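Single-letter residue listing:
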Amino acid sequence: MSLKSCGIKLDVWCLCDITLILIHKILFSQIGRTERIDDNLNPKFHKQIVMDYHFEEVQKLVFKVFDIDDNNNDISQADFLGKLECTLGQVVSSTNFTRALDYNGRDYGTITIHAQEQGGEQQSVHLSLKGVKLDKKDWFGKSDPFLEFHRQLLDGSYALAHRTEVKMKTLNPSWKPMKINSRRLCNNNPDGVIKVECYDWNKSGSHDLIGVFTTTLAELEGVSAGKSWALVHPSKKGKRGYRHSGEIIAENIQIKREYSFIEYIQGGCELNFVVGIDFTGSNGNPQDPSSLHYIGGSRAYRNPNQYVEALKAVGQVVQDYDSDQLYPAFGFGARLPPTWNVSHQFSLNGDPHNPDCQGIQGILTAYEQCINTVQLYGPTNASPIIGNVARMAREALHQQQASNYYILLMLTDGILTDMDQTIHTIIEASELPMSIIIIGVGDADFDDMERLDSDDKLLSIGSRVAKRDIVQFVPFREFKNVPLSKLAASVLEELPGQISEYFNEKRKKYRLRLCVDTTA
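For every chain, the first residue of the written sequence is number 1, and numbering continues from 1 onward in sequence order. Where totals are concerned, whole chains, interfaces and linings use all residues; where local detail is concerned, this predicted model gives features only for residues with pLDDT of at least 70, and gives and counts side-chain atom pairs only at 80 or more. The side-chain figures draw on all heavy atoms in the structure; neither hydrogens nor water molecules are used.

A. Quick look at unusual backbone geometry. Following Pro-337, the chain continues into Pro-338 via a peptide bond in cis, with omega recorded as 0 degrees. Within the element layout of this structure, Pro-338 appears in the loop between strand 19 (334-336) and strand 20 (341-343). Residue Pro-379 follows Gly-378 across a cis peptide bond; omega there is 0 degrees. A run of DSSP states H or I qualifies as a helix once it reaches four residues; a run of E qualifies as a strand once it reaches two. Both are numbered from the N-terminal end. Summarising the element assignment, Pro-379 is placed in the loop between strand 23 (375-376) and helix 7 (383-396). Of note, the phi angle at Asp-39 is positive, near 50 degrees, even though the residue is not glycine. As for its placement among the helices and strands, Asp-39 is situated in the loop between strand 3 (29-33) and strand 4 (49-50). Positive phi outside glycine occurs at Trp-340, with the angle close to 60 degrees. Among the structural elements, Trp-340 can be located in the loop between strand 19 and strand 20. Under the relative-accessibility criterion, Trp-340 is labelled partly exposed at 38%. Exposure classes here rest on a 1.4 Å probe applied to the protein chains alone. A residue is buried below 20% of its type maximum, exposed above 50%, and partly exposed in between.

In structure tokens, the structure reads:
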């Protein structure tokens, strides 16, 4: 991630020799420093500051501006002119991030920061490959071949980028069409070496190498159908009479431009954060300290329960990408006054017509008030809230811009009563601009919930199959003894890929465009 600052304006009576330093607020380490610009109250710095960007983390930054008078550029002898504290997420989500420069509580001009992604344009490599006359590796029967694609690292070693499915008992396999991101395949380097290994699968996990070939993205761009690569086994290479161990044939290769998550965010896409909280009776009486909803004690000394901690961990990351900071928040599984009927979807703030809460703190305030108002009951039905957010997301399909993506955070203490209906609802939602994060609170057996998080294969029920994986599930108890930032990282790390994958696919189908031309 490259940061460029410009337009600092200082209310001082003389010209200054200005430099800017970027510091990591948590680690107190200097990330970078601009050049010094002499005799200028409105400097535009040329030197860029480069740092890693992690969507799933809150990366707190401090920009400090100094007037340096000596020729040694010694900061310890410089005059401090002001600072700006922010997060990298705030900078990334703005085309140009402008804020006041603070000096002892006073505005001391402004600072403007522009974030630009490094690494060149992203592309997706679409491959349809088959093998011909592969070596037989099994004593009885034919080989069970699969392919592995590896990108070369700076130190010359290789990292796995993609693995195909296994084709059983064949020496002439045809693998399913595959799609690999160019950054993952070769770090967007057209001349970076891509090593492709063909293995014979073994149940023991000790797979037998059939052969290897290498290629590059530049070569793949010029390949037409019918191109072949010989698989060579390293231990057989150079032996008398040995040619190769079979061939890999290109049936179809296409390389297409893909927009990244950052490009969609800077193009105007908003992440709409929605919360659903379980108010079923299995949580326990909120007045009992053993309850998962217990929030007793004085406000100054109370310990947050798991619902509060999970909400804070995820919310403080996502909030940087929602400009209005208004979050719909719902509860489910409680009896509501005055009729005391069970509701599977109700507004935490008590307003049935407007469930929006102002900021993460607004959700927490509404949650605390709700706990003291409703009666915990049951059953645990998640499909109504998921269906409601799906309806919100469906409205976004009418837009011709990648302007809205919905993130539903569901917090629950047990297995869903309406599991089949929830699966049906998630499958319907899988074609919409939304993702679902489910965090299991408490010590219940969440094995059945893992079914919703379809990392290995797409979620299905009967003949219906999801279009893509949109659910991430984790039990809160796995993060009890680690910083809550680890919880946020675990549930959010797949989100940028889900968002860019969705909009790139829709862009091809519906001619979707970015809200703002970020290439200008």
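B. Region of interest: the sheet that holds strand 13 (residues 194-200). Reading across from one edge, 11-10-13-14 is the order of the four strands in this open sheet, with antiparallel pairing throughout. Two strands bound the open sheet, and with one partner strand each, they are strand 11 (158-163) and strand 14 (208-215). Across this sheet, the average inter-strand angle for adjacent strands is 30 degrees, counted without regard to direction. Here a strand pair is declared whenever DSSP counts at least two bridges between the two strands. The pairing of strand 10 (residues 145-152) with strand 11 spans five bridges and is classified as antiparallel. Residue pairing across strands places His-150 opposite Leu-160, the latter belonging to strand 11. Here an axis means a line fitted to C-alpha atoms, over the contact stretch when the element is a helix, while the angle between two N-to-C directions is reported on a 0 to 180 degree scale.

C. Looking closely at the packing of helix 5 (residues 306-318) against helix 9 (residues 484-492). It is at 9 Å that the axes of helix 5 and helix 9 come closest, and there the two elements cross at 65 degrees. The interaxial crossing formed by helix 5 with helix 9 has right-handed handedness. Each of Glu-309, Ala-310, Ala-313, Val-314, Val-317 and Val-318 in helix 5 lies in contact with helix 9, whose residues at this interface are Leu-484, Leu-487, Ala-488, Val-491 and Leu-492. In terms of residue class, the contact of helix 5 with helix 9 is built from 10 nonpolar, no polar and one charged. Here a crossing is taken to be left-handed if its near helix is turned anticlockwise relative to the far helix by less than a right angle, and right-handed if that turn runs clockwise. Note on contacts: a residue pair is in contact if any heavy atoms of the two residues lie within 4.5 Å. Amino acid classes used here: Ala, Val, Leu, Ile, Met, Phe, Trp, Tyr, Cys and Pro are nonpolar; Asp, Glu, Lys and Arg are charged; the rest, including Gly, are polar.

D. Local environment of helix 6 (residues 359-371). By this rule the span expected of a helix is its residue count minus one, scaled by 1.5 Å. Between its first and last C-alpha, helix 6 extends 19 Å over 13 residues, near the 18 Å set by a 1.5 Å rise per residue. Of all 13 residues that make up helix 6, 10 are buried, and the element is covered over most of its length. Of all the residues in helix 6, the buried ones are Gly-359, Ile-360, Gly-362, Ile-363, Leu-364, Ala-366, Tyr-367, Glu-368, Cys-370 and Ile-371. Each element contacted by the buried residues of helix 6 is listed here: strand 17 (270-278), helix 5, strand 18 (326-332), strand 21 (346-347) and strand 22 (356-358).

E. Here's a closer look at the packing of aromatic side chains. Ring pairs are drawn from Phe, Tyr and Trp, using the six-membered ring of Trp, whenever the two centres fall within 6.5 Å, and their geometry is named by plane angle: stacked under 30 degrees, edge-to-face over 60, tilted for the rest. Taken as a whole and assessed by the stated rule, the structure comprises 17 aromatic pairs. Each ring, one from Phe-55 and one from Tyr-321, has its centre 5.1 Å from the other, and the planes form 50 degrees; the classification is tilted. Pair noted here: Phe-55 is in the loop between strand 4 and strand 5 (60-67) and Tyr-321 is in the loop between helix 5 and strand 18, with a separation of 266 residues, a long-range link. When sorted by exposure, Phe-55 lands in the same class as Tyr-321, which is buried.

F. View of the nonpolar core. With 78 residues, the main nonpolar core has Phe-273, Phe-279, Leu-348, Ile-439 and Leu-492 as its most contacted residues. Per-element tally for this core: the top contributor is helix 5, with eight residues. Filtering out sequence-adjacent residues up to four positions away, Leu-492 remains in contact with Phe-55, Glu-56, Val-314, Val-317, Val-318 and Ile-437. Buried Ala, Val, Leu, Ile, Met, Phe, Trp, Tyr and Cys residues that are joined via side-chain atoms within 4.5 Å together make up what is termed a nonpolar core. Counting residues in each nonpolar core, the second largest holds 31 residues, with Tyr-406, Leu-416, Ile-426 and Ile-461 among its members.

G. Inspection of helix 7 at higher detail. A rise of 1.5 Å per residue sets the reference length of helix 7, with its 14 residues, at 20 Å; its end C-alpha atoms lie 20 Å apart and thus fit the reference within 8%. Along helix 7, the residues classified as buried are Ser-383, Ile-385, Ile-386, Gly-387, Asn-388, Val-389, Ala-390, Ala-393 and Ala-396.

H. Region of interest: the environment of Gly-315. Residue placement: Gly-315 occurs in helix 5. With a relative accessible area of 0%, Gly-315 lands in the buried category. Along the sequence, Gly-315 and Ile-363 sit 48 residues apart, while their C-alpha atoms lie 9.8 Å from each other.

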